[in-house]
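Structure at a glance
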Amino acid sequence: NTVYFQDGSDTTVLHLPVWASRHSIFHERSFRNNQYALRFGLEASYRAGYRGDLFMPSTGSFYLQDSLTCGNVIRLDAVLDFRIKTASVFFKMENIGYEWMTPNYYLTPHYPAPLRVFRFGVRWQFFD
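Residue positions within a chain follow its written sequence, with the count starting from 1. Whole-chain, interface and lining totals are the exception, using all residues; otherwise, since this is a predicted model, local features are given only for residues with pLDDT of at least 70 and side-chain atom pairs are given and counted only at 80 or more. Values shown for side chains rest on all heavy atoms present in the structure; no hydrogens or waters enter the calculation.

Focus on the sheet that holds strand 1 (residues 2-5)
Test applied: Any two strands with at least two DSSP-identified bridges between them are counted as paired. In this description a helix means any DSSP run of H or I spanning at least four residues, a strand means any run of E spanning at least two, and both kinds are numbered starting from the N terminus. Between N-to-C directions, angles cover 0 to 180 degrees, with each direction set by a line fitted to C-alpha atoms, over the stretch in contact for helices.
Taken in spatial order, the six strands line up as 1-2-3-6-7-10 in an open sheet, and their pairing is antiparallel. Only two strands of the sheet have a single neighbouring strand rather than two, namely strand 1 and strand 10 (117-124). Taken pair by pair, the neighbouring strands of this sheet meet at an average axis angle of 15 degrees, ignoring direction. Direction of pairing for strand 2 (residues 19-31) relative to strand 3 (residues 36-47): antiparallel, over a ladder of 12 bridges. Counted as the bridge partner of Ala 20 is Arg 47 from strand 3.

Observations concerning the layout of surface pockets
Heads up, the condition is: Cavities and pockets are defined on a 1 Å grid built over the protein atoms alone: a cavity is a set of grid points where a 1.4 Å probe fits but cannot escape, while a pocket is an open set with protein on both sides within 12 Å along at least five of seven lines, and lining residues are those with an atom within 4 Å of any such point. Grid points are joined across faces, edges and corners, and a volume is the space filled by probe spheres set on the points.
In this structure, the largest pocket encloses a volume near 200 Å³. What lines the largest pocket is Tyr 4, Ala 20, Ser 21, Arg 22, Ser 45, Tyr 46, Arg 47, Gly 71, Val 73, Arg 75, Tyr 105 and Leu 107.

Structural notes on a nonpolar patch on the surface
Just so we agree on the cut-off: Note that patches include only residues with greater than 30% relative accessible area and no salt bridge, and the join distances are 9 Å for like charges and 5 Å for nonpolar side chains (Val, Leu, Ile, Met, Phe, Trp, Tyr). All accessible areas in this document rest on Shrake-Rupley with a 1.4 Å probe, and a residue is counted as covered only by the protein chains that are shown. Salt bridge, as used here, is a side-chain nitrogen of Lys or Arg placed within 4 Å of a carboxyl oxygen of Asp or Glu. Exposed residues in this analysis have more than 50% of their type's maximum accessible area, buried residues have under 20%, and partly exposed residues fall in between, with area computed by a 1.4 Å probe over protein chains only.
Among the surface-exposed residues, Val 3, Phe 5, Val 18 and Trp 19 lie close enough to one another that they form a single nonpolar patch of about 440 Å² accessible area. Mapped onto the secondary structure, Trp 19 falls in strand 2. Taking the relative accessible area as the measure of exposure, Trp 19 reaches 37% and is therefore partly exposed.

Describing the environment of Gly 8
In this structure, Gly 8 sits in the loop between strand 1 and strand 2. In this structure Gly 8 comes out as partly exposed when scored by relative accessible area, which is 37%. Sequence separation of Gly 8 and Val 18 is 10 residues, and the distance between their C-alpha atoms is 7.9 Å.

Shape is all these values report; function is a separate question.
Printed below as a string of C-alpha coordinates:
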(Lines give C-alpha, C1' and ligand atoms only; values in the text may rest on other atoms or scores of the structure.)
Protein backbone atom coordinates (compact mmCIF):
# COMPACT_ATOMS: atom_id res chain seq x y z
CA ASN A 1 0.00 0.00 0.00
CA THR A 2 1.25 3.45 -0.89
CA VAL A 3 -0.47 6.74 -0.07
CA TYR A 4 0.81 10.11 -1.28
CA PHE A 5 -0.16 13.42 0.29
CA GLN A 6 1.09 16.62 -1.25
CA ASP A 7 0.34 20.26 -0.60
CA GLY A 8 1.19 22.47 -3.54
CA SER A 9 0.34 25.82 -1.98
CA ASP A 10 1.34 27.85 -5.06
CA THR A 11 -1.23 26.79 -7.69
CA THR A 12 -0.02 29.47 -10.10
CA VAL A 13 2.94 27.21 -10.95
CA LEU A 14 1.60 23.63 -10.94
CA HIS A 15 -1.70 21.90 -10.18
CA LEU A 16 -1.40 18.67 -8.19
CA PRO A 17 -3.95 16.31 -6.61
CA VAL A 18 -4.00 16.62 -2.82
CA TRP A 19 -3.64 12.88 -2.38
CA ALA A 20 -3.30 9.67 -4.36
CA SER A 21 -2.98 6.02 -3.39
CA ARG A 22 -2.03 2.66 -4.87
CA HIS A 23 -2.87 -0.69 -3.30
CA SER A 24 -2.01 -4.27 -4.29
CA ILE A 25 -3.05 -7.63 -2.95
CA PHE A 26 -1.51 -10.81 -4.38
CA HIS A 27 -1.26 -14.49 -3.67
CA GLU A 28 1.95 -16.22 -4.69
CA ARG A 29 2.72 -19.93 -4.73
CA SER A 30 5.93 -21.76 -5.69
CA PHE A 31 6.16 -25.35 -6.92
CA ARG A 32 8.92 -27.97 -7.34
CA ASN A 33 11.79 -26.29 -5.49
CA ASN A 34 11.00 -22.79 -6.81
CA GLN A 35 11.26 -23.83 -10.48
CA TYR A 36 7.62 -22.82 -11.04
CA ALA A 37 5.74 -19.92 -9.51
CA LEU A 38 2.21 -18.58 -9.84
CA ARG A 39 1.05 -15.15 -8.71
CA PHE A 40 -2.36 -13.54 -9.08
CA GLY A 41 -4.05 -10.56 -7.54
CA LEU A 42 -5.56 -7.10 -7.82
CA GLU A 43 -4.11 -3.62 -8.06
CA ALA A 44 -6.19 -0.53 -7.24
CA SER A 45 -5.26 3.13 -7.55
CA TYR A 46 -7.00 6.39 -6.73
CA ARG A 47 -6.18 10.02 -7.45
CA ALA A 48 -8.21 12.84 -5.86
CA GLY A 49 -9.92 15.30 -8.18
CA TYR A 50 -7.87 18.32 -9.24
CA ARG A 51 -7.61 20.89 -12.01
CA GLY A 52 -5.23 19.05 -14.31
CA ASP A 53 -2.95 21.00 -16.60
CA LEU A 54 -3.70 21.10 -20.33
CA PHE A 55 -1.28 19.75 -22.94
CA MET A 56 -0.17 21.59 -26.09
CA PRO A 57 0.98 18.96 -28.65
CA SER A 58 2.72 21.46 -30.94
CA THR A 59 5.12 22.56 -28.19
CA GLY A 60 5.07 19.31 -26.21
CA SER A 61 4.39 21.13 -22.95
CA PHE A 62 1.70 21.48 -20.30
CA TYR A 63 0.08 24.75 -19.28
CA LEU A 64 -2.24 25.83 -16.44
CA GLN A 65 -6.04 25.84 -16.69
CA ASP A 66 -8.78 26.38 -14.10
CA SER A 67 -11.98 25.13 -15.75
CA LEU A 68 -11.74 21.31 -16.10
CA THR A 69 -11.41 18.77 -13.27
CA CYS A 70 -9.90 15.31 -13.71
CA GLY A 71 -9.18 12.45 -11.32
CA ASN A 72 -11.43 11.39 -8.41
CA VAL A 73 -11.68 7.89 -9.88
CA ILE A 74 -10.73 4.40 -8.67
CA ARG A 75 -8.89 2.23 -11.18
CA LEU A 76 -8.84 -1.56 -10.71
CA ASP A 77 -6.52 -4.04 -12.50
CA ALA A 78 -6.36 -7.86 -12.33
CA VAL A 79 -2.97 -9.57 -12.79
CA LEU A 80 -1.92 -13.19 -13.40
CA ASP A 81 1.80 -13.94 -13.59
CA PHE A 82 3.56 -17.30 -13.78
CA ARG A 83 7.20 -18.34 -14.05
CA ILE A 84 8.69 -21.54 -15.44
CA LYS A 85 12.38 -21.71 -14.61
CA THR A 86 13.83 -18.59 -16.34
CA ALA A 87 10.78 -17.62 -18.40
CA SER A 88 7.84 -15.64 -17.05
CA VAL A 89 4.50 -14.77 -18.63
CA PHE A 90 2.01 -12.18 -17.42
CA PHE A 91 -1.61 -11.42 -18.23
CA LYS A 92 -3.17 -8.18 -17.07
CA MET A 93 -6.70 -6.85 -17.44
CA GLU A 94 -6.48 -3.10 -16.85
CA ASN A 95 -9.38 -0.93 -15.76
CA ILE A 96 -11.73 -3.86 -15.12
CA GLY A 97 -14.19 -1.67 -13.25
CA TYR A 98 -14.70 0.71 -16.18
CA GLU A 99 -18.49 0.29 -16.34
CA TRP A 100 -18.96 0.08 -12.55
CA MET A 101 -16.86 3.06 -11.57
CA THR A 102 -16.98 6.40 -13.40
CA PRO A 103 -17.04 5.87 -17.18
CA ASN A 104 -15.42 8.34 -19.55
CA TYR A 105 -13.02 9.88 -17.05
CA TYR A 106 -9.92 11.80 -18.03
CA LEU A 107 -6.29 11.31 -17.03
CA THR A 108 -5.50 14.81 -18.31
CA PRO A 109 -8.14 17.26 -19.56
CA HIS A 110 -9.28 16.35 -23.11
CA TYR A 111 -7.35 13.02 -23.00
CA PRO A 112 -9.72 10.24 -21.88
CA ALA A 113 -8.47 7.25 -19.93
CA PRO A 114 -8.29 3.99 -21.90
CA LEU A 115 -11.21 1.62 -21.74
CA ARG A 116 -10.77 -1.91 -20.44
CA VAL A 117 -7.50 -3.22 -21.90
CA PHE A 118 -5.98 -6.72 -21.91
CA ARG A 119 -2.17 -6.90 -21.94
CA PHE A 120 0.19 -9.84 -21.92
CA GLY A 121 3.90 -10.33 -22.19
CA VAL A 122 6.79 -12.79 -22.00
CA ARG A 123 10.20 -12.33 -20.42
CA TRP A 124 12.80 -15.03 -20.94
CA GLN A 125 16.25 -14.79 -19.42
CA PHE A 126 18.79 -17.00 -21.17
CA PHE A 127 20.93 -17.42 -18.07
CA ASP A 128 20.17 -18.86 -14.66
